[in-house]
Amino acid sequence: MDLDRKTMKKLLLLIAFGVAFFLGLQNISAVAGVCRSALQLFMPLIIGFCVAFILNVLLRLIEERLFAPLNRKKGPVWRRIRRPLGIFLTFGVIVGILFILIFMIVPELRRAFSLLVASLPQYAEQVKIWIGQAAEFFQVDASALMNLEIDWEKLSATVIDYLKRDSSRLVNTTVDITTSIFSSIFNFILGVVFSAYILMQKEKLGSQATRMLYAFLPERWADRALHVCTLSNQMFSRFVTGQCMEAVIIGLLCFIGMLIFRMPYAPMISVLVGFTSLIPIFGAFIGTAIGAFLILMDSPMQALWFILFIIILQQLEGDLIYPRVVGSSVGLPSLWVLLAVTVGGSVWGVLGMLVSVPVCSVLYCLLREVVSARLKARGLSAKGVAQEEPAPPRQPGRKWKTPRLRRKK
């Protein structure tokens, strides 16, 4: 009777799930709207978990390495202030790096813009000379371009007419963009506050999540889920460490190359290129654009050589440095790192490139564990099967045996 009752309960749950899934498919737009609203509601908490996960790498380094002499004393006062002091130093390091970058770049950008504004008439005359030389080379008439005049009254009338006709739409668009920007800034600030609370109580939150897993899931499933979460935490932490190491390498290579080619602003641009390389895809373009603009104010030809140098450096980084540095940190072969970045970028864009390597490394480790467990269950061992060196040439009259999985005794 108990078995029939349990079977009936499972059957009712399955039917309820099927009905709910069918109704969700029938009202997919409403379900998507509810999910979108819930995502916006919990966005500060999600941002907080992401920021806390990234900062936890630096926090753990400070607590285990920097505080190592004080950790041996294990005093009650030190146990109470250890975590708040570590979080304070973690945020202090991040804010300090950002301020250094801002104070290094903003004054140079302001100087470059001032120089650009002062040099605009000279640049305009140089452009006219280039147009004349190009027209003479291609044997075309460039008098229209050389004597080009702008009717500023007609242009201003057109702009005023556009503002009169579409002013309401322009105001609504401006309000929407401003609201979105302020909402994103508010969510990020609130997420940073959440991250501080999460880092302060990360052990307690982990213990509560573990208790909930064992309370609502079968023990075997809870063990497996906990193992996957632990493995994911290790891989993502190693991935963040590998990304930072790769950024340092790129910054050093950029600094050495700029010194060799005697380009200006080598320290500042190298730090900027290394820092922006942490951003997938667009980071390289941001660092290259700002660096090229700064060099352009001193020497346009050197700016062109700088862009060419960064393109070559990015190819070297994407094909050699990134797979080896990040791949070795997460335990993933270089080939699979390159494949994960390619597939993740083509499917999910920037976010896919960012998370594809640690996700692929987790799947790689899980697959390796499954294969090892199945071989062990069958009493087989794969040791000695794969040969790194090529097989010796076959001699006439000698028989070669194909390597096989040997059964454990």
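Rules of the game
- Residues numbered from 1 in each chain as written.
- Predicted model: local features only at pLDDT ≥ 70, side-chain atom pairs only at ≥ 80, totals over all residues.
- Heavy atoms only, no water.
- 1 Å grid on protein atoms, 1.4 Å probe; cavity = no way out; pocket = protein on both sides within 12 Å on 5 of 7 lines; lining within 4 Å.
- Points joined across faces, edges and corners; volume = space filled by probe spheres on them.
- Helix = DSSP H or I, 4+ residues; strand = E, 2+ residues; numbered from the N terminus.
- Nonpolar A, V, L, I, M, F, W, Y, C, P; charged D, E, K, R; others polar.
- Buried < 20%, exposed > 50% of the residue type's maximum accessible area, 1.4 Å probe, protein only.
- Phe/Tyr/Trp six-rings, centres within 6.5 Å; stacked < 30°, edge-to-face > 60°.
- Contact = heavy atoms within 4.5 Å.
- Core = buried A, V, L, I, M, F, W, Y, C linked by side-chain atoms within 4.5 Å.
- Axes fitted to C-alpha atoms, helices over the stretch in contact; angles between N-to-C directions.
- Parallel < 35°, antiparallel > 145°, perpendicular 65-115°, else oblique.
- Left-handed = near helix turned anticlockwise from the far one by under 90°.

Draft legend 1. Here's a closer look at the layout of surface pockets. A volume near 2,100 Å³ is recorded for the largest pocket. Taken together, 46 residues make up the lining of the largest pocket; nearest its centre are Ile54, Ile94, Val240, Cys244 and Leu278. Looking at which element gives the most residues to the lining of the largest pocket, the answer is helix H3 (residues 43–66), with 13 residues. Among the residues forming the lining of the largest pocket, the class breakdown is 38 nonpolar, five polar and three charged.

Draft legend 2. Molecular detail of the side chain of Ser270. Within the secondary structure, Ser270 is located in helix H12 (residues 266–276). For Ser270, a relative accessible area of 4% corresponds to the buried category.

Draft legend 3. Spotlight on the packing of aromatic side chains. Applying the stated criterion across every chain yields a total of four aromatic pairs. On the basis of an interplanar angle of 25° and a centroid distance of 5.9 Å, the ring pair of Phe99 and Phe103 is categorised as stacked. Separated by four residues within a single helix, Phe99 and Phe103 lie in helix H5 (residues 76–118), roughly one turn from each other. The exposure class assigned to Phe103 is exposed, which follows from its relative accessible area of 59%.

Draft legend 4. Structural detail: the side chain of Glu63. Mapping Glu63 onto the fold places it in helix H3. Sequence-distant contacts of Glu63, defined by excluding residues within four places in its chain, comprise Ala68, Asn71, Arg82 and Arg83.

Draft legend 5. Examining the nonpolar core more closely. In terms of nonpolar packing, the biggest core is built from 24 residues, with Cys254, Met258, Ile269, Phe306 and Ile310 touching the most fellow members. The element best represented in this core is helix H14 (residues 300–330), accounting for seven residues. In this structure Ile310 touches Cys254, Val273 and Thr288, once residues within four positions along its chain are discounted. Core analysis: the next-biggest nonpolar cluster, separate from the first, contains eight residues, Val51, Leu55, Leu59 and Ile87 among them.

Draft legend 6. Expanded view of the packing of helix H11 (residues 219–260) against H12. At a minimum axis separation of 8 Å, H11 and H12 run at an interaxial angle of 150°. In terms of their interaxial angle, H11 and H12 are classed as roughly antiparallel. Judged by the twist between their axes, the crossing of H11 over H12 is right-handed. Where H11 abuts H12, its residues Ala247, Ile250, Gly251, Cys254, Phe255, Met258 and Leu259 lie against Ala266, Pro267, Ile269, Ser270, Val273 and Gly274. The class makeup of the residues in the contact of H11 with H12 is ten nonpolar, three polar and no charged.

Draft legend 7. How the structure looks around the environment of Gly274. Along the chain, Gly274 turns up in helix H12. Gly274 has contacts with Ala247 and Gly251, leaving out every residue within four places of it along the chain.

Draft legend 8. Up close: unusual backbone geometry. Phi is positive for Arg262, close to 55°, though the residue is something other than glycine. By relative accessible area, Arg262 is classed as exposed at 72%. Here the phi dihedral of Tyr265 falls at roughly 60°; this positive angle occurs in a residue that is not glycine. For Tyr265, the location among the structural elements is in the loop between H11 and H12.

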